[in-house]
Amino acid sequence: MSDLTFDNGEFARRERTLQGELALAELPRVAADVLGGSAIQFALAGNADKYKRLTLDLRVGGQLELKCQRCLKSLPFEIDVATRFTLFADEAKLDEAEAEDEDMEGLLFEQEFSLLNLIEDEILLSLPYAPAHDACVAEAGVAPDADVVPQKPNPFAVLADLKGKLQRGEH
């Protein structure tokens with residue numbers, strides 16, 4: 001989408017809205033971290049908060065396929081992110097506002113604001129650090145039984161057996 005770079009202050013001031021869908025190929029930083037997925041839907045709305053500060057409300061949704069860190073198989077992951085960004089003219093005001101309200105997300109006014117970068121950032125921040133199934137499925141397609149532990153031969157018994165064979169002259 002070519003209309004994803006714009007003046008974010010003007011967008012919010014005019015209370016514009018924008019929605020659409022992005023293919024995973026249009027999100028290269030996300031595509032590099034996932035196995036696959038469906039198109040990502042987004043909606044952006046400009047507004048003002050109760051303090052009359054300009055804001056951008058972003059909602060991002062979609063289905064991604066991550067790699068389970070235990071079994072290395074595909075793990076479905078639902079993206080559903082909604083964030084309000086408050087716009088500030090300079091870094092000092094943004095830092096001060098974030099110090100007063102730790103839940104607030106701030107952005108600087110930008111004439112060449114990239115919505116695509118913001119969408120990628122929000123998706124990457126929502127991904128789990130080490131994705132894993134609640135219970136991985138074994139190769140045969142059957143969930144492993146947690147109570148059954150494979151029996152390994154006792155190493156001392158193996159040594160005793162080997163010693164016995166050597167003493168009897170068996171090789």
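Residues numbered from 1 in each chain as written. Predicted model: local features only at pLDDT ≥ 70, side-chain atom pairs only at ≥ 80, totals over all residues. Heavy atoms only, no water.

This part takes up the nonpolar core. One finds L56, L64, L115, I119 and I123 to be the most contacted residues of the largest nonpolar core, which totals 31 residues. No other element matches strand β5 (residues 54–67), which puts six residues into this core. (Core = buried A, V, L, I, M, F, W, Y, C linked by side-chain atoms within 4.5 Å. Buried < 20%, exposed > 50% of the residue type's maximum accessible area, 1.4 Å probe, protein only. Helix = DSSP H or I, 4+ residues; strand = E, 2+ residues; numbered from the N terminus.)

With that settled, consider unusual backbone geometry. The phi dihedral of E15 falls on the positive side, at around 55°, and the residue is not glycine. With relative accessibility at 52%, the residue E15 sits in the exposed group. Of note in this structure, L72 is not a glycine but carries a positive phi near 65°. Of note, L72 is situated in the loop between β5 and β6 (74–88).

Attention now goes to the packing of aromatic side chains. One pass over the structure, following the stated rule, counts two aromatic pairs. Feature note: the residues F6, F11 and F113 constitute an aromatic cluster, connected by ring pairs. (Phe/Tyr/Trp six-rings, centres within 6.5 Å; stacked < 30°, edge-to-face > 60°.)

This paragraph deals with the pairing of strand β4 (residues 40–48). Both strand β2 (residues 17–22) and β4 contribute to a ladder of six bridges, which runs antiparallel. Bridge pairing in β4 links E21 to Q41. The pairing of β4 with β5 spans eight bridges and is antiparallel. Bridged to Q41 within β5 is G61. Between β4 and the antiparallel strand that follows it, β5, lie five residues; K52 among them carries a positive phi value of about 70°. (Pairing = 2+ DSSP bridges.)

This paragraph deals with the side chain of E122. Position of E122 relative to the elements: it lies in helix α4 (residues 115–126). It turns out E122 is buried and unbridged, and the closest side chain with the opposite charge, R29, is 9.4 Å from it. Ignoring any residue separated from it by four or fewer positions in sequence, one finds E122 in contact with L58, V81, T83 and F85. (Lys, Arg positive; Asp, Glu negative; His and termini not counted. Salt bridge = Lys/Arg side-chain N within 4 Å of Asp/Glu carboxyl O. Contact = heavy atoms within 4.5 Å.)

A separate point is a negative patch on the surface. Together, E96, E100, D101, E102, D103 and E105 make up a region of like negative charge exposed at the surface. By the element assignment, D101 lies in the loop between α3 (91–100) and β7 (105–108). What makes D101 partly exposed here is its relative accessible area of 36%. (Patch = residues over 30% accessible without salt bridge, like charges linked within 9 Å, V, L, I, M, F, W, Y side chains within 5 Å. Areas by Shrake-Rupley, 256 points an atom, 1.4 Å probe, with all protein chains shown as cover. Charge placed at Lys NZ, Arg CZ, Asp CG, Glu CD.)

Right, let's get into the environment of L4. With respect to the helices and strands, the residue L4 is situated in the segment before β1 (5–6). With relative accessibility at 3%, the residue L4 sits in the buried group.

Where strand β3 (residues 36–37) meets β5, two bridges bridge the pair, whose relative direction is antiparallel. Residue pairing for β5: G36 is matched across the bridge by E65. Note that β5 and β6 share 13 bridges and pair antiparallel. Counted as the bridge partner of L56 is F85 from β6. Counting the residues in the hairpin turn of β5 and β6 gives six residues, including L72, whose phi is positive at 65°.

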